[in-house]
Amino acid sequence: MRDQDSDLWKGFMFAFLLFLLSSLQSLFNHQYMYSCFTVGMRVKTAVMGLVYRKSLVISSAARQSCTVGEIVNLVSADTQKLMDMVVYFNAVWVAPIEIALCLYFLWQLLGPSALAGIATVILIFPLNGFIAKMRSKLQVIQMCYTDSRIKLMNEILSGIKILKFYAWEQAFLERVLGYREKELNALKRSQVLYSISIASFNSSSFLIAFSMFGVYVVVDDRNILDAQKVFVSMALIHILKTPLSQLPFAMSTTMQAVVSLRRLGKFLCQDELKPDDVDREPYSPGGNRQTRTGTFGWSKEGPPCLMRINVRVKKGSLVAVVGHVGSGKSSLLSAMLGETEKRSGHVSVKGSVAYVPQQAWIQNATLKDNIVFGQERKESWYHRVVEACALLPDLEILPAGDGTEIGEKGLNLSGGQKQRVSLARAVYRKADVYLLDDPLSAVDAHVGQHIFERVFGSEGLLKDQTRVLVTHGLSFLPQADLILVMVEGEITEMGSYLELMARDGAFAEFIRLFAGNERKERSHRGEDGDMMSSASIQTMEAISDTEDQKQEVLGKLTEVDKANTGRVKLEMYVEYFRTIGLALIIPIVFLYAFQQAASLAYNYWLSVWADDPIINGTQIDTDLKLGVFGALGFAQGVSIFGTTVAISLGGIIASRHLHLDLLNNVLRSPMAFFEVTPSGNLLNRFSKEVDAIDCMIPDGLKMMLGYLFKLLEVCIIVLVAMPFAGVVLLPLTLLYAFIQSFYVATSCQLRRLEAVSRSPIYTHFNETFQGASVIRAFSEQERFILQANGRIDHNQTAYFPRFVATRWLAVNLEFLGNLLVLAAATLAVMGRDTLSPGIVGLAVSHSLQVTGILSWIVRSWTDVENNIVSVERVKEYADTPKEAPWTIEGSMLPLAWPTHGTIELEEFGLQYRKGLDWALKGISLSIQEKEKVGIVGRTGAGKSSLALGIFRILEAAKGDIYIDGINIAQIGLHELRSRITIIPQDPVLFSGSLRMNLDPFDGYSDEEVWRALELSHLKSFVSGLPDKLNHECSEGGENLSLGQRQLVCLARALLRKTKILVLDEATAAVDLETDNLIQSTIRTQFDDCTVLTIAHRLNTIMDYTRVIVMDRGLITEMDSPSNLISERGQFYLMCREAGLV
């Protein structure tokens, strides 16, 4: 520029070389990024597979400490962090090399003054290292709270029905928000630290320039800053910026990855089940399985759960295991399966094993798949199995027969149906050894008898196999070849029925005690499953009102996570910014504008300085120039800090609002919503999507806004320097917009597809973790691992094109940026007569940054756009139907209501969905105070629907219910549900203290709680626990036996002591003695209440004032039990079947 005589071609050559080198740099860089992403993706999938395989072999003791929520978090968040590290890790060692090179070139230009720049760099680093360390500590804290929150959400979603029955949503809502607040506080502190780090890095180029030029000018008056020195130095300093800004990012991802690696390592090092605890020998005639002097425990420490076990079972015999609740019957089966820690002894099992757990584990698949369970389907055998397990009548009710899809955890099956499907799965196996954990607990008497004869009995399908049956039913015992009597983990007596009776020990005494009840006891055992009784079966599935729908549609129940299409709607952005509020947005925009103005000003000031004439070998007023330069740069740094903090706070405000809305919307959804929405979808919203709103969106916004304003500044500089450049800028801008829009739509769609294919992974992990013991017993691990791998691969097929598309975009855009460099340089060469060197230097050094800026804008833009999808997915549940309000403002409800407990039904009708059969068809009925009413009927008669109607879990389709003369449809749901009580059939506990499970609102004193425990026969058990009332229940109450959980539910009812009690007869899982205790407690304690019992055992309601017999949604008979028997109608027939008349 300065040398007017040199040839023009040299100028053009330099311009072209600039362009060529920039283009090569783009190509190499993106090829490298592509390889990194591919490796990262492989690492991520490998680790996901590892976690899954580990969850199949983890021991029972370790399962107590690892919850499903934690595993979902490992798979979703931690694997992603590892992948990020692979992508950015190289910056950790490449950046220092780049920095060293730049500083070397600066030394050549400015001599020793360059050392000042080095000193600045050295100062910035330790500060950021310290900040990174602080942030990683905060991250650990934050992850802890996130884990707790997800775990609690998972439990809320599994036990949502119980929360609704007890009106406990508010208490749990507050627990979730408590975790959320702590999580956001940790996040807030981490973000403020991050802002300091960003500000120091973004001002780094200014600080380096300021220190170098300052030292250079002050040291010697004859040191002159001309255009060449200023702008070559500035270009080098700008190159420095990339490694400097990448380093903290690379350091922080590496830090996070180390934290995640530790978490993964901790999980992967958990104790595993020892496969050699049980010798699985190939099948051979003769003895079939034996246990010699075995001692077993659930964990390495702690008391053993089984002691001195000595059993030998002959091939083909039927062994019955009996004993009280908690005496170790289920543990005995677990020991045979190798699920417990073997302390001593020897267990061997010959041949293959099939196992039926006490609580049926049902997959979210069709009924057929649940029974066949990965075997090939042999029609004739399949039909024999279905018939023997009494599933034929159910198949007729189900909308698509055995092609009906079963919801998660068997949501749309009743308890009895789940149990029978679980049994059919085992029988279909044709195994050599059958371990059956109380498979008849939830089925009707006549069904139980049928199953026993057809499956276990001497003529049954399994007559030649070895069968170990845990049971509470006494009538089956005479047919057993061997009976084991268990007391507190030891086998006290063993022998055949006759031998034991002859011995006259505890067993014989027990049999005589209940011999009177024996025939009664065989009576109606529960068949109506959880409160969505099988009445709901015919109803819950069909989706639309047309009759002629294809079987497939009828059988569908759960809704697959859907992907929206097209670009993210503008209103999502509006929604997001509205939650932040204008009060924050205006200052943010103002601060950005100010920061860029300051930056522009100090760059322009430099160019003026460089053009300053040289007088006697020196420049004048250098101190003033340096001062102005410093002030402008400092102002910029402060405003950078301001903007980043403001955006972070805005993001936290928005995510707090959005999470709260999501939580409120989900908790206020009616029961029907949870039946059709897999919990994986909801958990995905609460973990991954909320995480994206917490961190990704604010980070993306910071980058995007920062670079957008930067681009503006560059364009202004180039236009001021050479107005001609406008000719080039305009077409480039249009081209840029075209490419960008083309890409964003694609990338958005890919992101949605990826998010949708992620939900099934979580659902599958969830299911496997819960059914691990069944999967192991059937040796199906291989098949489940293949399924998990398939789902992960499917997820990756949507992920891979996403980052390839990003690379395509970046290469194209950087090419455009390089064209701008070419334009600026050639224009400068052509106009060398009119332009001053300072301005040219400014324009060219800035246009060199354009490529980087463009690619960052697009990256951050797509990040924001992709993550705004999370807002869209979280808002999705805002428009789903909600239940009635929980409380009604200014309601005139008396505090003590209901005081009498009278219930009136007038023409009451219920429908599960529009266009389906009526579950209750216009029932009219009035129940007086203190009356005890039993409700009986076959499966699907509408017994449970009645209870659902009283609690308004389902709203009336016609007619009304009045309690104490008040129409329940006109009061708030919580006002209704908290004033009447139910003891549901499925005993659900939540993780937390026992006290919290009984009284989550802390509304009762300790004395009252102890009194309730005493009446529910749990006092001795709880007093024996080290923490008493503060005993931690694990997820789902896993560390209490099923019978004990049932008693906890009774204690809840005793605490609330309301005038109306609904009993969904909940004694299927307890032995006879405990059952009698419960019945007597209910008779004495609820004497002055109205009691409605949905009865499965008729002997419990023979002394009630009235019995209602229901059939197909209508009341067929209603009178006192003795009158009904003398009328010889339906009730009489039921009693005869049960052996009561």
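Residues numbered from 1 in each chain as written. Predicted model: local features only at pLDDT ≥ 70, side-chain atom pairs only at ≥ 80, totals over all residues. Heavy atoms only, no water.

Caption draft 1: Main features of the sheet that holds strand β11 (residues 903-911). The sheet built from four strands is open, its strands ordered β12-β11-β14-β15 with antiparallel pairing. If you trace the sheet from one side to the other, it starts and ends with β12 (918-927) and β15 (966-967), each paired once. Taken together, the five bridges between β11 and strand β14 (residues 958-963) define a ladder with antiparallel strand orientation. Each residue of the ladder has a partner; that of Glu904, found in β14, is Tyr962. Sheet strands touched by helix α30 (residues 943-950): β11, β12 and β14. Its angle to β11, the strand with the most contacts, is close to 110°. (Pairing = 2+ DSSP bridges. Helix = DSSP H or I, 4+ residues; strand = E, 2+ residues; numbered from the N terminus. Contact = heavy atoms within 4.5 Å. Axes fitted to C-alpha atoms, helices over the stretch in contact; angles between N-to-C directions.)

Caption draft 2: The arrangement of the packing of aromatic side chains in detail. As enumerated under the stated definition, the model contains 31 aromatic pairs in all. Measuring from ring centre to ring centre gives 6.3 Å for Phe16 and Phe19, while their planes differ by 45°; the resulting arrangement is tilted. On the criterion of helical spacing, the pair formed by Phe16 and Phe19 is a turn pair, its members being three residues apart in helix α1 (residues 8-57). Judged by its relative accessible area of 11%, Phe19 is buried. Ring centres of Tyr52 and Phe765 lie 4.9 Å apart, and the angle between their planes is 55°; on these two criteria the pair is classed as tilted. Taken together, the residues span a long stretch of sequence, with Tyr52 in helix α1 and Phe765 in helix α25 (residues 726-770) at a distance of 713 residues. We note that Tyr52, like Phe765, is buried. Of the aromatic side chains, those joined through ring pairs into one cluster are Tyr34, Phe37, Tyr799, Phe800 and Phe803. When the ring centre of Phe769 is taken as origin, the NZ or CZ atom of Arg63, which lies over that ring, is 4.3 Å away. If you follow Arg668 out to its NZ or CZ, it ends over the ring of Trp886, 3.8 Å from the centre. (Phe/Tyr/Trp six-rings, centres within 6.5 Å; stacked < 30°, edge-to-face > 60°. Buried < 20%, exposed > 50% of the residue type's maximum accessible area, 1.4 Å probe, protein only. Lys NZ or Arg CZ within 6 Å of the ring centre and 35° of its normal.)

Caption draft 3: View of a nonpolar patch on the surface. The grouping of Trp9, Met13, Phe14, Phe16, Leu17, Leu20, Leu21, Leu24, Leu27 and Phe28 at the surface amounts to a nonpolar patch, some 1100 Å² of accessible area in total. In this structure, Leu21 sits in helix α1. On the basis of relative accessible area, Leu21 is assigned to the exposed category, the value being 56%. (Patch = residues over 30% accessible without salt bridge, like charges linked within 9 Å, V, L, I, M, F, W, Y side chains within 5 Å. Areas by Shrake-Rupley, 256 points an atom, 1.4 Å probe, with all protein chains shown as cover. Salt bridge = Lys/Arg side-chain N within 4 Å of Asp/Glu carboxyl O.)

Keep in mind these numbers describe shape, not what the thing actually does.
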